[in-house]
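Residues per chain, in single letters:
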Amino acid sequence: MDRRGFLYTTFGVLALGHSITAQEESDTNILILTGRKSPKLYGVNHRLQKDAADAFEKMQVAAIKDGVKLFSVSSHRNFNAQLRIWNSKYDKFKKQGLKGKEIIEKIIEYSAFPGASRHHWGTDLDISDLNVQQPGDPLNPKHFLEGGIYHKMYAWMQKNSNDFGFYEAYTNDKKRKGFKFEPWHYSYKALSRPLLFEFKNVNFTKNIKSELIKGNKYIDKAFWDRYMEEYVLGINKELL
Ligand SMILES: [Zn+2]
């Protein structure tokens, strides 16, 4: 913090009326990392931290020249948004006959635990291509592979996204554990890597556990330790 009361954090500068302690700075970071507070967000059709938003807009301009109209399906999501996704999937899979831990395992094939989504950070987004007819299920990996409607976009991203600082998070690497292949999910590495480093130290009992999350009685410290190892860290090695 400088003497005028500005706090320089991983999330940019916060103007504050009083002196800020290291403890308060760390508390603010934890709230942002777990989706309880939003970082400053930019963009109209996407909501990302400044550098990520600027880089995404540059990438959109470059892609359009090659006939790909990159569009953000989902970018920043707070804890409550992730909670709605989680709880509605919980109800859906329960109705289908799954029970307890089976439901949790099914949800985490594609959806993060509320409080532990990379979408909380304002650095990650899911994309589609507006130049093609949108399918009813845009987030289906088959659309991105050879012959699929988003294959042109996926091939373009494979070739060019790194030049703009974006990396596929959940690659098609069979050795990777955690979330299934998500060819639509990209992360702005320069911002997300330091945040992941901080996230590794977030305390499960204090900062993650919540009564609002359906099935939370099945989520204990052992689950969390496995989730951290396989899901949070089971990503493209470039982002670690
Ligand atoms: Zn995503």
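Definitions and limits used
Residues numbered from 1 in each chain as written. Predicted model: local features only at pLDDT ≥ 70, side-chain atom pairs only at ≥ 80, totals over all residues. Domains from an automatic or database assignment. Contact = placed C-beta atoms within 7 Å. Pairing = 2+ DSSP bridges. Helix = DSSP H or I, 4+ residues; strand = E, 2+ residues; numbered from the N terminus. Axes fitted to C-alpha atoms, helices over the stretch in contact; angles between N-to-C directions. pLDDT = per-residue confidence, 0-100. Parallel < 35°, antiparallel > 145°, perpendicular 65-115°, else oblique. Left-handed = near helix turned anticlockwise from the far one by under 90°. Nonpolar A, V, L, I, M, F, W, Y, C, P; charged D, E, K, R; others polar. Expected span 1.5 Å × (residues − 1). Buried ≥ 20, exposed ≤ 12 C-beta atoms within 10 Å, placed from the backbone. Arc of directions from axis to C-beta.

(A) Representation of the domain arrangement of the protein. Entries for the protein in the domain assignment read domain 1 (1-33) and domain 2 (41-239). The partner domain 2 presents 8 residues to the 4 residues of domain 1 that form the contact.

(B) Up close: the sheet that holds strand S5 (residues 166-168). Taking strand neighbours across the sheet as the criterion, the 4 strands line up as S3-S4-S6-S5 in an open arrangement whose pairing is antiparallel. Of all strands in the sheet, those with a lone pairing partner are strand S3 (70-74) and S5, marking the two edges. Within the sheet, the average angular offset between the axes of one strand and its neighbour, ignoring direction, is 45°. Sheet analysis places S5 next to strand S6 (residues 185-188), joined by 3 bridges and oriented antiparallel. Counted as the bridge partner of Glu168 is Tyr186 from S6.

(C) Structural view of the confidence of the model for the protein. Predicted confidence across the protein gives a mean pLDDT of 92, with 92% of residues reaching 70 or more. Taken as a whole, residues 1-7 scores under 50 in pLDDT and shows 16 contacts with residues more than four places along the chain or in a different chain.

(D) Highlighting the packing of helix H3 (residues 79-95) against helix H4 (residues 100-107). Interhelical geometry of H3 versus H4 gives an angle of 125° and a closest axis separation of 9 Å. As judged from the angle between their axes, H3 and H4 are oblique. H4 is crossed by H3, and the crossing has right-handed handedness. Where H3 abuts H4, its residues Trp86, Lys89, Tyr90, Phe93 and Lys94 lie against Ile103, Lys106 and Ile107. Tallied by class, residues from the contact of H3 with H4 come to 5 nonpolar, no polar and 3 charged.

(E) Examining helix H2 (residues 50-65) more closely. Spanning 16 residues, H2 covers 23 Å between terminal C-alpha atoms, matching the ideal 22 Å at 1.5 Å per step. By the burial criterion, the buried members of H2 are Ala52, Ala53, Ala55, Phe56, Met59 and Ala63. All buried residues of H2 fall inside an arc of 165° around its axis, so they share one side. Counted as exposed and oriented over 90 degrees from the buried face of H2: Val61 and Lys65. Buried positions along H2 lie against S3, helix H5 (151-160), S5, S6 and helix H6 (189-199). Count one or two residues on from H2 and you reach Gly67, which has phi positive near 80°.

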